[in-house]
Amino acid sequence: MSLTFTLDPAVTPALRDGILDLWADVSNAGGSVGFVPPVTAGDIRPELVKHFVAMAEGRTRLLAGLDESGTVAATAFFGFNTHRLMTHWVWLYTVMVHPRHQGKGYGRDLLAAAEDAARGFDGIDAIRLTCRGGNGLERFYGSCGYKEVGRVPGAIRVAPDDYRDDVFMLLPLG
């Protein structure tokens, strides 16, 4: 079985709640998506609202992956640059696959769908993303074609004595 990916799905209560549940489950499983456990959907809701506002303003687009039951199982958000010298690449962020789907190749499928979507955006030459060091994410993204292009040591604090590198990755589309 595979996921069905949709770029710019209609934002319905089911989609909203599905993303909140996904984000909480990924975070609570130790995923590096902006929170540290424990979190609830209520903790995440303000951040998702910011994503939806950016979508309504045309600054962000959503790629959602649904499993065979129609449940949100994966997401990635595209953030468009507004600086005139950086409009040729997009940010990919909040890249998530539900923990129950880990190990099925859905992460690779999500990144391939994101690459396909980005190739359809006018004037976009590359995708950039950041990941939290210390979890092996650089290796995963590297195996999907991304190259590490920068690193800020200790830029992410996940606990009082736990600092992680902020790793910058790039996927040229040319």
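See the structure shown above.
Fair warning: this is a prediction, and the values are worked out from it, not measured in the lab.

A. Fine view of the overall build of the chain. Scanning the chain from N- to C-terminus turns up four helices and seven strands. Of the regular secondary structure in the chain, the N- to C-terminal order runs β-α-α-β-β-β-α-β-α-β-β. Over its C-alpha atoms the chain spans a radius of gyration of 15 Å, differing by no more than 12% from the 16 Å that the globule rule assigns to 174 residues. Buried positions account for 42% of the 174 residues belonging to the chain. Here the chain has roughly 8,900 Å² of accessible surface; of this, 53% comes from carbon and sulfur atoms. If the 17 positive side-chain charges of the chain are averaged to one point and the 20 negative ones to another, these points end up 3 Å apart.

B. The arrangement of the sheet that holds strand 3 (residues 72–80) in detail. With mixed pairing, seven strands are arranged side by side in an open sheet as 1-2-3-4-5-7-6. Edge strands, defined here as strands with exactly one partner in the open sheet, are strand 1 (4–7) and strand 6 (147–159). If you compare each strand with its neighbour and ignore which way they point, the axes differ by 25° on average. Sitting on the sheet, helix 1 (residues 13–28) touches strand 2 (60–66), strand 3 and strand 4 (89–97), and the angle it makes with strand 3 is about 95°. Strands in contact with helix 2 (residues 41–56) are strand 2, strand 3 and strand 4; relative to strand 2, the strand with the most contacts, it is inclined by about 120°.

C. Expanded view of helix 2. A rise of 1.5 Å per residue sets the reference length of helix 2, with its 16 residues, at 22 Å; its end C-alpha atoms lie 21 Å apart and thus fit the reference within 8%. The largest bend in helix 2 is about 30°, located at glutamate 47. Residues of helix 2 that are buried in the fold lie against helix 1, strand 2, strand 3 and strand 4. In the segment just after helix 2, glycine 58 is the residue with positive phi, at about 80°.

The rules behind the values
- Residues numbered from 1 in each chain as written.
- Predicted model: local features only at pLDDT ≥ 70, side-chain atom pairs only at ≥ 80, totals over all residues.
- Heavy atoms only, no water.
- Helix = DSSP H or I, 4+ residues; strand = E, 2+ residues; numbered from the N terminus.
- Rg over C-alpha atoms; globule rule 2.2 N^0.38 Å.
- Buried < 20%, exposed > 50% of the residue type's maximum accessible area, 1.4 Å probe, protein only.
- Areas by Shrake-Rupley, 256 points an atom, 1.4 Å probe, with all protein chains shown as cover.
- Lys, Arg positive; Asp, Glu negative; His and termini not counted.
- Charge placed at Lys NZ, Arg CZ, Asp CG, Glu CD.
- Pairing = 2+ DSSP bridges.
- Axes fitted to C-alpha atoms, helices over the stretch in contact; angles between N-to-C directions.
- Contact = heavy atoms within 4.5 Å.
- Expected span 1.5 Å × (residues − 1).
- Bend = angle between axes of the 7 residues up to and from the residue.

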